[in-house]
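# Fold and contact review
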Amino acid sequence: MIEADAAAGDIASDVFGPGLATAEAYVELLRTVGVEWGLIGPRESARIWERHIFNSVAVREVVAPGVSVVDVGSGAGLPGIPLAIARPDLRVTLLEPLLRRVTFLERVVSELALGERVRVVRGRAEDWGQEDGRFGAVVSRAVAPLDRLVGWTRGLRSPGGAILALKGSRAESEVAAAAAMLRTWRLQADVVEVRADVRCEATRVARVTALARGK
Ligand SMILES: C[S@@+](CC[C@H](N)C(=O)[O-])C[C@H]1O[C@@H](n2cnc3c(N)ncnc32)[C@H](O)[C@@H]1O
């Protein structure tokens, strides 16, 4: 590891524990095949841990134990792959429409030997109605504004489940913009700040759940 990666290595060890070697193998695939196939920009390569892995895996704090998770618009596997590595209690579906990304994801799942818990599905969220109500967590990062994302995915959420959209600084404004339509669907949203580790920057998550009875 280069020096700038030393701190990331310490954090990664604490975050992933026994899954550290698997997380490192994933980062290596992103840095090599991911860059070669145009899924990760070449300038991203030096900061994959901070910008992508830790930012993504922070969501593990707000995913309920033992649930099925769908990562909508998974791209190169974010946040679904880091989440699956850090949380062996979860079953994870990576939903992605683009063939090249699906091919990369299938390679990741195979090389990281995650096939018992992680599956790759080619498709668009809005066309994927056959999985209705199955997922305790619907996670998504950098795919669509919250109102559109909820419109596509609200049917995938189990009755007690949550849509967890990793949003950065736009989280509050997107929640405000979606408020009226969320209410129409008997949903509510708040924004939670989570971190992979105290040494990491916060990830802001728009969390959408069922509106409490009587509200
Ligand atoms: C900006 S990338 C983000 C990828 C990854 N989530 C990340 O954080 O790096 C957006 C991804 O959403 C996918 N996508 C776009 N529209 C979608 C839809 N309607 N249903 C599912 N995925 C979609 C794209 O193919 C792309 O892989």
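Shown above is the structure to which this text applies.
This text gives an overview of the structure that appears in the document. Source: prediction; values computed, not measured.

## Considerations on the site of the ligand
Of all residues adjacent to the ligand, which total 15 residues, the nearest are L78, E96, R101, E126 and R141. Within the complex, the protein chains bury 80% of what would otherwise be the 600 Å² of accessible surface of the ligand.

## Regarding the packing of aromatic side chains
Aromatic ring pairs: the centre-centre distance and the angle between the two ring planes describe each pair. Summed over all chains, the structure comprises four aromatic pairs. For the ring pair W49 and F54, a centre distance of 5.7 Å and an interplane angle of 35° mean the geometry is tilted. There is no split in this pair, since W49 and F54 are both buried. Residues W128 and F135 carry aromatic rings whose centres are separated by 6.1 Å and whose planes lie at 20° to one another, so their mutual orientation is stacked. Of the two residues examined, W128 and F135, each falls in the buried class. These aromatic residues form a ring-pair network of at least three members: F16, W49 and F54. Directly above the aromatic system of W185 lies the positively charged group of R154, at a separation of 3.9 Å from the ring centroid.

## Description of the pattern of salt bridges
For the structure shown, the criterion picks out 13 salt bridges. Residue R87 is joined to D89 by a salt bridge in which the shortest nitrogen-to-oxygen separation is 2.8 Å. Take R87: its relative accessible area is 13%, and that puts it in the buried class. A relative accessible area of 34% places D89 in the partly exposed class. Note that R204 and E172 form a salt bridge whose closest N and O atoms lie 2.3 Å from each other. With R204 in strand β7 (residues 203-210) and E172 in helix α7 (residues 171-184), this residue pair connects regions lying 32 residues apart in the sequence. Three or more residues joined by partner-sharing salt bridges are found here, namely D14, D197 and R199.

## A look at the sheet that holds strand β2 (residues 91-96)
The strand order across the open sheet formed by seven strands is β3-β2-β1-β4-β5-β7-β6, and the pairing between neighbours is mixed. Either end of the sheet is taken by a strand with one partner, and the two such strands are β3 (118-122) and β6 (187-194). Shown here is a sheet whose adjacent strand axes are inclined to one another by a mean of 20°, direction ignored. Against the sheet, helix α5 (residues 99-111) makes contact with β2 and β3, and its axis sits at roughly 165° relative to β3, the strand it touches most. Packed on one face of the sheet, helix α6 (residues 146-153) meets β1 (68-72), β4 (135-141), β5 (157-166), β6 and β7 and runs near 150° to β5.

## Quick notes on the packing of helix α2 (residues 20-36) against α5
Close contact between α2 and α5 brings their axes to 11 Å; oriented N to C, the two are set at 145°. Between α2 and α5 lies a crossing whose hand is right-handed. Residues Y26, L29, L30, V33 and G34 of α2 form the contact with α5, whose participating residues are F104, R107, V108 and E111. By residue class, the composition of the contact of α2 with α5 is six nonpolar, one polar and two charged.

Cut-offs applied
Residues numbered from 1 in each chain as written. Predicted model: local features only at pLDDT ≥ 70, side-chain atom pairs only at ≥ 80, totals over all residues. Heavy atoms only, no water. Near = heavy atom within 4 Å. Areas by Shrake-Rupley, 256 points an atom, 1.4 Å probe, with all protein chains shown as cover. Phe/Tyr/Trp six-rings, centres within 6.5 Å; stacked < 30°, edge-to-face > 60°. Buried < 20%, exposed > 50% of the residue type's maximum accessible area, 1.4 Å probe, protein only. Lys NZ or Arg CZ within 6 Å of the ring centre and 35° of its normal. Salt bridge = Lys/Arg side-chain N within 4 Å of Asp/Glu carboxyl O. Helix = DSSP H or I, 4+ residues; strand = E, 2+ residues; numbered from the N terminus. Pairing = 2+ DSSP bridges. Axes fitted to C-alpha atoms, helices over the stretch in contact; angles between N-to-C directions. Contact = heavy atoms within 4.5 Å. Left-handed = near helix turned anticlockwise from the far one by under 90°. Nonpolar A, V, L, I, M, F, W, Y, C, P; charged D, E, K, R; others polar.

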